[in-house]
Amino acid sequence: MRISTPVYCLREALVSLLRNSWLTLASISIVTISLIILGCSLLLVMNIDYLAQQLESKLEISIFLEQDLESEEVRNIGSKIKSTTGVAEVKFVSKEKALEEMKKSLGDRAEILDSLEENPLPDAYRVKAEDANHVPALARSFEELEGVEMVRYGKGVVEKLLALTHWLRAAGFTLLGVLGLAAVFLIATTIRMSVFARRREISIMKLLGATNWYIRAPFLMEGLIMGLIGAVLAAGAVNLGYFALVNKVGQSLPFITLVTGEDVLVRVSGLLLALGFFIGIFGSFISIHRFLADKKT
Amino acid sequence: MIHFYNVTKIYDNGVKALSDVSLRIRKGDFVFLVGPSGAGKSTLMKMIYREELPTRGQVMFNGRNIARMRSREIPYLRRKIGMVFQDFRLLPQKTVAENVSFALEVTGASRKYIRKAVPAVLQRVGMLDKADCYPAQISGGEQQRVGIARAIVNNPLLILADEPTGNLDPETAKDIMDLFNSINRSGTTIIMATHAWDIVESMKRRVIRISNGKIISDEESGVYGFAY
């Protein structure tokens, strides 16, 4: 089997793409749109997973004490907490320390704290439970202690986040499936048009002894070009969008940490390109396959 | 070189195009297939280049059983067969030279070989001076010369010509027949389906008459007229 030269393929493919320019445009757009949606849902799921992970690792109970307690009282509460069964570790965070930590996490923007006349933060105990399942019960018992202003823990949030990623993943993949099929279908239609426009040429090629691969190659190239252009556009949009988002969030919502690092975007882009490749090849293959099928063999 | 053994062809729509046809064509033969439209001439030729499969019976070409051939072998079978059609089947957007070189390109011939072979074959059919014309710019007879050039540029073992003079005036038809004659003299087997009885009579070649899917006569250097 001898395959036609790349130059020949490329020329024929480009001519066909230009001839059906509207359909080509529609096909490329739908590939782009479906891959952008895929890219976004992937990044979203990755971030929520990351967030949930972070929260889970920090799963501890924060017990904020009332302001203006005597240090005696503070110590008292501390020993009560320590003696509660199921408590693994207790750490005291004084209001001064809490302010310092906040300054550290704000980084460059720490000067907004300088304007405070006094420290608004309460003293607190941070408790790690022996078993995460006991966290809600422990939290409730700490709430009843005298001198305790408020008890916080991240349990519900974590569960909700995990449920959300599950749901998002399902929705993202369903949407991708539907749009992916639409993309394959549109590419198949475009290819069918160009096969139809060249049906006479194809029938002559068959009579002259061209192999099916020789006939197929330009059409596969055509599908491939559409799929890859769509994928490149989608990858570009997702990259730029995410980059902008990371910047924006970093500026205005510094306490949210997004998954960053170039390898994340490289991986996502690589996946988008691979899918675009696959969609293009698959779309054109089904169109030509039906046309070239040798009868009764 | 070609053997038909009890070949019957019934199309999917129930039409019986060939009925128990057996025949043998030797290398170097020049054979006319004659008979009314729909008699089965085209079906018989399509069996040889595997456009159609026999419903029953066997077709042998060049030592191969064509019905048993795998579909990926078909292109290589067709490269051994040159085809000439009544409607020429040239590509209108390609020039004369491009139409001919197309036949070589699809077989993966080298550029160097194509550059050499195309002018030579155009010279042989007398179309070298019109190499850069488009099919629409030349006459029917000239288009058929290009069609013949395309059929022989691969040096086929066999030429199948389906009504090659059907669209041409008698004078031009005679020139085309001379061309086929000279191709045959250089050793290529030719099978030609035609209605043109005057041509058949003047050529004094083997004539196979087909009617209703059956061979009703097969004569060496026969004449065509009386059955009509």
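Keep in mind it's a predicted model, so treat the numbers as computed, not measured.

Along chain B, the regular secondary structure elements total 7 helices and 10 strands. At 17 Å, chain B has a C-alpha radius of gyration in line with the 17 Å of a compact globule built from 228 residues. Expressed as lengths along the three principal axes of its C-alpha atoms, the size of chain B is roughly 45 × 40 × 35 Å. Across the 228 residues in chain B, those meeting the buried criterion constitute 54%. Within chain B, residue pairs in contact and separated by at least 24 positions form 69% of the contacts whose partners lie at least 6 positions apart. A total of about 10,200 Å² of accessible surface is found on chain B, and carbon and sulfur atoms cover 48% of it. Each charge class in chain B can be summarised by its mean position, and for the 33 positive and 23 negative side chains these summaries are 9 Å apart.

It is worth spelling out the interface of chain B and chain A at this point. Between chain B and chain A, the residue contacts involve 29 residues of the former and 17 residues of the latter. Across the chain B to chain A interface the summed buried area is about 2,000 Å²; carbon plus sulfur atoms make up 55%. In terms of surface lost to chain A, no three residues of chain B exceed Arg78, Phe102 and Val106 of chain B, which account for 24% of the buried area on that side. Linking chain B with chain A are 0 salt bridges, by the criterion used here. The interface formed by chain B and chain A includes 4 residue pairs in polar contact (both at pLDDT 80 or more). For the side of chain B that touches chain A, the secondary structure elements donating two or more residues are helix 2 (74-78), strand 6 (81-85) and helix 3 (96-105) of chain B.

This part takes up the pattern of salt bridges. Residues and elements named next belong to chain B. Overall, the coordinates contain 14 salt bridges over all chains when judged by the stated rule. Here glutamate 51 makes a salt bridge to arginine 78, at a shortest N to O gap of 3.3 Å. You can see glutamate 51 sitting in the loop between helix 1 (41-48) and strand 4 (56-61) and its partner arginine 78 sitting in helix 2, a full 27 residues away along the chain. Take arginine 78: its relative accessible area is 5%, and that puts it in the buried class. Here aspartate 178 and lysine 174 are joined by a salt bridge, their closest N and O atoms 3.5 Å apart.

By size, the foremost hydrophobic cluster in this structure holds 91 residues, and its most contacted members are Phe32, Leu122 and Phe180 of chain B. Looking at which element gives the most residues to this core, the answer is helix 9 (residues 212-252) of chain A, with 14 residues. Here phenylalanine 32 of chain B is in contact with Met177, Met192, Thr194, Ile199, Val200, Met203, Arg205, Arg206, Val207 and Ile208 of chain B, once residues within four sequence places are set aside. Within the second largest apolar cluster, 31 residues are counted, among which are Leu18, Ile25, Leu33 and Ile210 of chain B.

Strand order in the open sheet formed by 4 strands is 2-1-4-5 (chain B), and the pairing between neighbours is antiparallel. Two strands bound the open sheet, and with one partner strand each, they are strand 2 (16-25) and strand 5 (64-65) of chain B.

Attention now moves to the domain arrangement of chain B. All names here are of chain B. Structurally, chain B comprises domain 1 (2-80 + 156-227) and domain 2 (92-154). A C-alpha centroid distance of 24 Å is found between domain 1 and domain 2. Facing 13 residues of domain 1, the contacting portion of domain 2 comprises 12 residues. When the two sides are added together, the surface that domain 1 and domain 2 hide from each other amounts to roughly 1,100 Å², 66% of it contributed by carbon and sulfur. The largest contributions to the domain 1 side of the interface with domain 2 come from Arg79, Pro156 and Leu179, which together make up 45% of the buried area. Viewed at the interface, domain 2 and domain 1 are joined by 0 salt bridges. Here domain 1 is connected to domain 2 by 2 residue pairs in polar contact (both at pLDDT 80 or more). Looking at which element gives the most residues to the side of domain 1 that touches domain 2, the answer is helix 6 (residues 170-185), with 7 residues.

Here the focus is the pairing of strand 4 of chain B. Residues and elements named next belong to chain B. When strand 1 (residues 2-10) meets strand 4, the two strands line up antiparallel, connected through 5 bridges. Its bridge partner being in strand 4, phenylalanine 4 is matched across the sheet by valine 59. The pairing of strand 4 with strand 5 spans 2 bridges and is antiparallel. Counterpart to phenylalanine 61 in the pairing with strand 5 is arginine 64.

Its domain assignment divides chain A into domain 1 (6-55 + 158-292) and domain 2 (60-153). Placing a centre on the C-alpha atoms of domain 1 of chain A and another on those of domain 2 of chain A gives a separation of 50 Å.

In this model helix 5 (residues 140-152) of chain B runs 18 Å from its N-terminal to its C-terminal C-alpha over 13 residues, within 8% of the 18 Å that 1.5 Å per residue would give. Among the 13 residues in helix 5 of chain B, 12 count as buried, and that is most of the element. Of all the residues in helix 5 of chain B, the buried ones are Gly141, Glu142, Gln143, Gln144, Arg145, Val146, Gly147, Ile148, Ala149, Arg150, Ala151 and Ile152 of chain B. In this structure, the buried residues of helix 5 of chain B make contact with helix 8 (199-207) of chain A together with strand 6, helix 3, helix 4 (111-124), strand 7 (158-162) and helix 6 of chain B.

Residue and element names in this part refer to chain A. Within the secondary structure layout, glycine 227 lies in helix 9. A relative accessible area of 0% means that glycine 227 is categorised as buried. Residues glycine 227 and glycine 241, 14 residues apart in the sequence, show an inter-C-alpha distance of 21 Å. For glycine 227, the residues in contact, after removing those within four places along its chain, are Val31, Ile187, Gly276 and Gly280.

Turning our attention to the sheet that holds strand 9 (residues 206-211) of chain B. All names here are of chain B. The strand order 6-7-8-3-9-10 describes an open sheet built from 6 strands, whose pairing is mixed. A single partner strand is all that each edge strand has here, and the edge strands are strand 6 and strand 10 (214-219). Going from strand to strand, the sheet's axes swing by 15 degrees on average, the running direction of each strand aside. Examined bridge by bridge, strand 7 and strand 8 (residues 189-193) share 5 bridges and lie parallel to one another. If you follow leucine 160 over to strand 8, its bridge partner there is isoleucine 191. Strand contacts of helix 1: strand 3 (30-34), strand 6, strand 7, strand 8 and strand 9, with the helix running at about 150 degrees to strand 7, the strand carrying the most contacts.

Residue and element names in this part refer to chain B. Structurally, the position occupied by threonine 189 is in strand 8. We classify threonine 189 as buried; its relative accessible area is 0%. Taking the C-alpha atoms as reference points, threonine 189 and proline 36, separated by 153 residues in sequence, lie 23 Å from one another. Not counting residues within four places of it along the chain, the set of residues in contact with threonine 189 comprises Met1, Ile25, Arg26, Lys27, Gly28, Asp29, Leu157, Leu158, Ile159 and Asn184.

Reading guide: rules and limits
Counting restarts for each chain, with residues numbered from 1 along the sequence as it is written. Lettering for chains starts from A, numbering for ligands starts from 1, and both go in the order in which the items are written. Thresholds applied to this predicted model are a pLDDT of at least 70 for local features of residues and 80 or more for the giving and counting of side-chain atom pairs; totals over whole chains, interfaces and linings are not thresholded and use all residues. With hydrogens and water stripped out, all remaining heavy atoms of the structure feed into the side-chain values. Helix and strand assignments follow DSSP, with helices taken as H or I runs no shorter than four residues and strands as E runs no shorter than two, numbered in order from the N terminus. C-alpha atoms define the radius of gyration, and 2.2 Å times the number of residues to the power 0.38 defines the globule rule. Type-normalised accessible area, obtained with a 1.4 Å probe on protein chains alone, sets the label of each residue: buried when under 20%, exposed when over 50%, and partly exposed for intermediate values. Note on contacts: a residue pair is in contact if any heavy atoms of the two residues lie within 4.5 Å. Computed by Shrake-Rupley with a 1.4 Å probe, the accessible areas treat only the displayed protein chains as cover when residues are assessed. Positive charges are assigned to Lys and Arg, negative charges to Asp and Glu, while His and the chain termini are left out of the count. We put the charge of a Lys on NZ, of an Arg on CZ, of an Asp on CG and of a Glu on CD. When two parts are brought into contact, each loses some accessible area as probed by a 1.4 Å sphere; the total of that loss over both is the buried area. Whenever a carboxyl oxygen of Asp or Glu lies within 4 Å of a side-chain nitrogen of Lys or Arg, that contact is scored as a salt bridge. Between N or O atoms, a polar contact is any pair within 3.5 Å; within protein, one atom must be a potential hydrogen donor and the other a potential acceptor, and residues adjacent in sequence are included only when both atoms are from side chains. We call a set of buried residues a nonpolar core when its members are Ala, Val, Leu, Ile, Met, Phe, Trp, Tyr or Cys and they connect through side-chain atoms within 4.5 Å of each other. Pairing between strands is defined by DSSP: at least two bridges between the two strands are required. An automatic or database domain assignment provides the domain bounds reported here. A helix is expected to span 1.5 Å for every residue after the first. In this analysis, axes come from line fits to C-alpha atoms, helices being fitted only over the stretch in contact, and the angle between any two N-to-C directions falls in the range 0 to 180 degrees.

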